[in-house]
Amino acid sequence: MKAGVMLERKKEYATILAFDVKVTTEARELADEMGVKIFCADIIYHLFDLFKAYIENIKEEKKKESADEAVFPCVLQILPNCVFNKKDPIVLGVDVIEGILKIGTPICVPGREFIDIGRIASIENNHKPVDYAKKGNKVAIKIVGSNAEEQKMFGRHFDMEDELVSHISRRSIDILKSNYRDELSLEEWKLVVKLKNIFKIQ
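Rules of the game
- Residues numbered from 1 in each chain as written.
- Predicted model: local features only at pLDDT ≥ 70, side-chain atom pairs only at ≥ 80, totals over all residues.
- Heavy atoms only, no water.
- Buried < 20%, exposed > 50% of the residue type's maximum accessible area, 1.4 Å probe, protein only.
- Helix = DSSP H or I, 4+ residues; strand = E, 2+ residues; numbered from the N terminus.
- Arc of directions from axis to C-beta.
- Salt bridge = Lys/Arg side-chain N within 4 Å of Asp/Glu carboxyl O.
- UniProt positions renumbered as here; feature names shortened; annotations may be inferred.
- Phe/Tyr/Trp six-rings, centres within 6.5 Å; stacked < 30°, edge-to-face > 60°.
- Lys NZ or Arg CZ within 6 Å of the ring centre and 35° of its normal.

S.K.: Lay out helix α3 (residues 170-179) with the relevant residues and their values.
M.R.: Buried within α3 are the following residues: S172, I173, I175, L176 and N179. Buried residues of α3 fall within an arc of 160 degrees about the axis and therefore sit on the same side.

S.K.: Please provide a residue-by-residue account of the pattern of salt bridges, values included.
M.R.: Tallied over the entire structure, the rule returns nine salt bridges. With its nearest N and O atoms 2.6 Å apart, the salt bridge here joins E187 to K135. Placement of the pair is E187 in helix α4 (residues 186-198) and K135 in the loop between β8 (132-134) and β9 (138-144), with a sequence separation of 52 residues. Under the relative-accessibility criterion, K135 is labelled partly exposed at 46%. Close ionic contact of D174 with R170 constitutes a salt bridge, the shortest N to O distance being 3.1 Å. Residue D174 and its partner R170 are both found in helix α3; the two are separated by four residues, about one turn of the helix.

S.K.: I'd like a rundown of the UniProt feature "domain: Translation initiation factor IF-" (unreviewed entry) in the protein chain, residues and numbers included.
M.R.: Summarizing the sequence annotation, UniProt attributes the feature "domain: Translation initiation factor IF-" (unreviewed entry) to residues 5-51 in the numbering used throughout. Structurally, residues 5-51 comprises 38% helix and 21% strand, and the distance from its first C-alpha atom to its last is 18 Å.

S.K.: Describe the packing of aromatic side chains, with residues and values.
M.R.: Within a pair of aromatic rings, the relevant descriptors are the distance that separates the centres and the angle that separates the planes. Inspection of the entire model under this criterion finds seven aromatic pairs. Centre to centre, the rings of F154 and F158 are 5.4 Å apart; their planes meet at 85 degrees, and the pair counts as edge-to-face. Exposure class is identical for F154 and F158. Each is buried. Among the aromatic residues, ring-to-ring pairing joins Y13, F39, F51 and Y54 into one connected group. Positioned over the ring face of F72 is K102, at 4.2 Å from the centre of the ring.

Below you can see the structure in the form of structure tokens.
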């Protein structure tokens, strides 16, 4: 019952590590009913491994659940002579100036009143599809508008000189902090702070 208190705070810690002890049937039934996890092992290291694997599993589940809302920080520069399609979808060659570019990232143009131009539908590096691109990579990207009525167009809504930036929010920053903290380098976290100031996020 004491362990069950954690169900309201941090679900993953509603656990009991039973080292070299028997778990009674009543205790097991109550734990199942309440949603408390009991780990049993005769060797302390095995107990530790079981718990570690359980926490890792929960982390992965949380990542999957929040994947659509997790926005990684990136700043892109359009490469000269690399505008392959101006609209619906926009296909461009870009240089990743800062951060990490991922498929699904919403892209906006800070220099044009933060106009949203769509989400990254695909990334190609040397004509090969990739899931992400990091600082220093030059890649081709396809941007698909989220709303058919408001399709943005290269040359009208933004152009060569405009920097493209991932559209972060308070919610996306919180998701990065709780589920993806280890996946961002110190430099990438500094970019999150920089973008946070650009977007005036509290």
